[in-house]
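# A structural walkthrough
If you want the building blocks of each chain, they are given just below.
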Amino acid sequence: RHALTEASVFNGATKFHGEGAPEETLFYRANNEYFRCFAMNVAGGEFFNVAVSNAFQSGSTGNALQISDGVVSNCLFTNCKSASGGSAAVDLTRSTMRNCTITKCQCDYHYGTALYVQDGSLVEDCFITDNYGHGYNASCTVRVSGGRLSRTVIARNRMEGHENAPRDTPGVILEGVSRME
């Protein structure tokens, strides 16, 4: 277990690989400060075999991991939270995520999601389960804007709150040129 007390930002083509199963390389937010745990914003980044827990930031996306032009594989994101919009766990931009699990995340208010997929990103063979949204349009599931979901299980996510919020959300919001297979 590794405690994070501030954001880890990688500005080069970093290969961040954990040892063994994701649970063996666990990172968690160790204080009450709001910050994104990991940001990989340069092409070529890799984030493999890692678990991230307890990420929390208000009003932004990718609270556990924000990645652009990279690959995420065999990771676990759990107990992450967003407030006032944004994604609780992962924000993918022109990236690929395979064999990952996002579970037990919480989103409060204004379009919060567990996973945000955009700009040609691919999510494949993943599990998005048991996430919770509270408040107006906080589905805490998946928002896809110009990306693709393939062979991904989205189940047991729930939403409560604002009287106008849809209680029977299917779990995915597709925008622009997006698709599910």
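Criteria and cut-off values
- Residues numbered from 1 in each chain as written.
- Predicted model: local features only at pLDDT ≥ 70, side-chain atom pairs only at ≥ 80, totals over all residues.
- Heavy atoms only, no water.
- Helix = DSSP H or I, 4+ residues; strand = E, 2+ residues; numbered from the N terminus.
- Buried < 20%, exposed > 50% of the residue type's maximum accessible area, 1.4 Å probe, protein only.
- Contact = heavy atoms within 4.5 Å.
- Areas by Shrake-Rupley, 256 points an atom, 1.4 Å probe, with all protein chains shown as cover.
- pLDDT = per-residue confidence, 0-100.
- Pairing = 2+ DSSP bridges.
- Salt bridge = Lys/Arg side-chain N within 4 Å of Asp/Glu carboxyl O.

## Describing the overall build of the protein
Counting secondary structure elements, the protein contains zero helices and 26 strands. The buried share of the protein, taken over its 181 residues, is 54%. A separation of at least 24 residues holds for 82% of the contacts in the protein among residues at least 6 apart in sequence. Surface exposure of the protein reaches about 8,000 Å², of which carbon and sulfur atoms provide 46%.

## Observations concerning the confidence of the model for the protein
When pLDDT drops low, the exact placement of atoms in the prediction is not to be read closely. Within the protein, residue pLDDT values average 81, and 81% of them lie at 70 or more. Model confidence for the protein, summarised as mean pLDDT per element, is weakest for strand β25 (residues 172–175) at 68 and strongest for strand β14 (residues 96–98) at 97. Within the model, pLDDT remains below 50 along residues 164–170, and this stretch shows 12 contacts once partners closer than five positions in the same chain are excluded.

## Re the sheet that holds strand β26 (residues 179–180)
With parallel pairing, the seven strands of this open sheet are ordered in space as β3-β6-β10-β14-β18-β22-β26. Strands at the two margins of the open sheet, each flanked by one partner only, are β3 (15–17) and β26. Pairing geometry for β3 and strand β6 (residues 46–48), over three bridges, is parallel. Within β6, the position partnered with His17 by the bridge is Phe48.

## Focus: the pairing of strand β4 (residues 26–29)
Sheet topology places strand β1 (residues 2–4) next to β4; three bridges connect them, and they run parallel. Paired with Leu4 across the two strands is Arg29, which belongs to β4.

## As for the pattern of salt bridges
Here the structure, examined in full by the defined rule, presents seven salt bridges. As a salt-bridge pair, Arg94 and Asp119 come within 3.9 Å of each other at their nearest N and O atoms. With Arg94 in the loop between β13 (87–93) and β14 and Asp119 in the loop between β17 (113–118) and β18 (122–124), the pair connects residues that are 25 residues apart, well separated along the chain. As a salt-bridge pair, Arg151 and Glu124 come within 3.3 Å of each other at their nearest N and O atoms. With Arg151 in the loop between β22 (148–150) and β23 (153–155) and Glu124 in strand β18, the pair connects residues that are 27 residues apart, well separated along the chain. The exposed category is assigned to Arg151, whose relative accessible area is 52%. Within the structure, one salt-bridge network assembled from shared partners comprises Arg98, Glu124, Asp125 and Arg151.

## Some details on the side chain of Ser68
Following the sequence through the fold, Ser68 ends up in strand β9 (residues 65–68). Accessibility expressed as a relative area gives 12% for Ser68, which makes it buried. Leave out the neighbours within four places in its chain, and Ser68 touches Met40, Asn41, Val42, Ala43, Thr93, Arg94 and Ser95.

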